[in-house]
Amino acid sequence: PASLCGTWDMISNVNLQGYMIALGISPHLRNIALKLKMKKVIEQRGDQFIIKTTSTFRNYTVSFRVGQEFEEFTRGLDNKNVKSLVKWKGNKMVCEQTGEKKDRGWAHWIEDDKLHLELYCEGEICNQVFKKK
Ligand code: RET
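These figures come from a predicted structure and were not determined experimentally. (Residues numbered from 1 in each chain as written. Predicted model: local features only at pLDDT ≥ 70, side-chain atom pairs only at ≥ 80, totals over all residues. Heavy atoms only, no water.)

Chemist: Could you give me a rundown of the overall build of the chain, with the residues and numbers involved?
Modeler: A tally of helices and strands in the chain yields two helices and 10 strands. Seen through its principal axes, the chain has C-alpha atoms that stretch 40 × 30 × 25 Å. Residue burial in the chain is summarised as follows: out of 133 residues, 43% are buried. Carbon and sulfur atoms make up 49% of the accessible area of the chain, which amounts to about 7,300 Å² in all. (Helix = DSSP H or I, 4+ residues; strand = E, 2+ residues; numbered from the N terminus. Buried < 20%, exposed > 50% of the residue type's maximum accessible area, 1.4 Å probe, protein only. Areas by Shrake-Rupley, 256 points an atom, 1.4 Å probe, with all protein chains shown as cover.)

Listed below in structure tokens is the structure:
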């Protein structure tokens, strides 16, 4: 599949609110998050991926190897411990985050030179699109 690597600027963000409510994020933090234009910086070093979500308010970094389950603490987001497993499903990089919340995870893929990110939790789906910087 097309490489996810690079620096990406958010151009659309649909239903972040529903996703954050499903995660149990406080109204105060939700109001801040809704105003942010997030960036993604995705790097690959060997078989390790590093995905940085950055904003003027707070940053979130996760690193992993595809196919290797890891412990993730969603610091600064909903502050939960999950067991995460990333796999390729066709052209999509898909992560299942197992923990307190049901049906939680995300998928990244490239479509028309744009980075697409679907974030989901307990039936709420947020769709974000980023253009390459
Ligand atoms: C920020 C700021 C504080 C509030 C919220 C945030 C959202 C972060 C998200 C991160 C998703 C990261 C993923 C990484 C995959 O590798 C920006 C930390 C709600 C939605 C999917």
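So that's the structure; there's more coming.
Chemist: Mind laying out the environment of Gly 18, listing which residues take part and the relevant values?
Modeler: The topology assignment puts Gly 18 in helix α1 (residues 16–23). By relative accessible area, Gly 18 is classed as buried at 9%. Along the sequence, Gly 18 and Gly 123 sit 105 residues apart, while their C-alpha atoms lie 9.2 Å from each other.

Chemist: Could you give an account of helix α2 (residues 27–34), with specific residues and numbers?
Modeler: Taken as a whole, α2 has its buried residues at Leu 29, Arg 30 and Ala 33. Seen along its axis, α2 keeps its buried residues to an arc of 105°; they face one direction. Those residues of α2 that are exposed and aimed more than 90 degrees away from the buried face are Pro 27 and His 28. In this structure, the buried residues of α2 make contact with α1. (Arc of directions from axis to C-beta. Contact = heavy atoms within 4.5 Å.)

Chemist: Explain the sheet that holds strand β6 (residues 81–89) residue by residue, including any values.
Modeler: If you walk across this open sheet you meet the 10 strands as β4-β3-β2-β1-β10-β9-β8-β7-β6-β5, and the pairing is antiparallel. Of all strands in the sheet, those bounded by a partner on one side alone are β4 (60–65) and β5 (70–73). If you compare each strand with its neighbour and ignore which way they point, the axes differ by 25° on average. Both β5 and β6 contribute to a ladder of four bridges, which runs antiparallel. Along β6, the bridge assignment pairs Glu 72 with Val 82. Packing against the sheet, α1 makes contact with β1 (6–14), β9 (114–121) and β10 (124–132), and its axis sits at approximately 130° to β10. (Pairing = 2+ DSSP bridges. Axes fitted to C-alpha atoms, helices over the stretch in contact; angles between N-to-C directions.)

Chemist: An account of α1 is needed here, citing residue identities and associated values.
Modeler: Of all eight residues in α1, six are buried, a share of seventy percent or more. Leu 16, Gly 18, Tyr 19, Met 20, Ala 22 and Leu 23 are the residues of α1 that are buried. Downstream of α1 by a residue or two, Gly 24 has a phi angle that is positive, lying close to 85°.

Chemist: Could you give an account of the pairing of strand β3 (residues 48–54), naming the residues involved and the relevant values?
Modeler: The pairing of strand β2 (residues 39–45) with β3 spans seven bridges and is classified as antiparallel. The residue of β3 that forms the bridge with Gln 44 is Phe 49. Turn length for the β2-β3 hairpin, with the two strands adjacent in sequence and antiparallel, is two residues, and the turn residue Gly 46 shows positive phi of about 65°. Hairpin remark: β3 followed by β4, antiparallel, with five residues in the connecting loop.

Chemist: Which residues make up the site of the ligand, and what values go with them?
Modeler: Around the ligand, the surrounding shell holds 16 residues, and the nearest of these are Ile 51, Thr 53, Val 62, Trp 106 and Leu 119. Relative to its free-state accessible area of 540 Å², the ligand is covered by the protein chains to the extent of 99%. Partitioned by chemical class, the residues of the shell around the ligand number 11 nonpolar, three polar and two charged. (Near = heavy atom within 4 Å. Nonpolar A, V, L, I, M, F, W, Y, C, P; charged D, E, K, R; others polar.)

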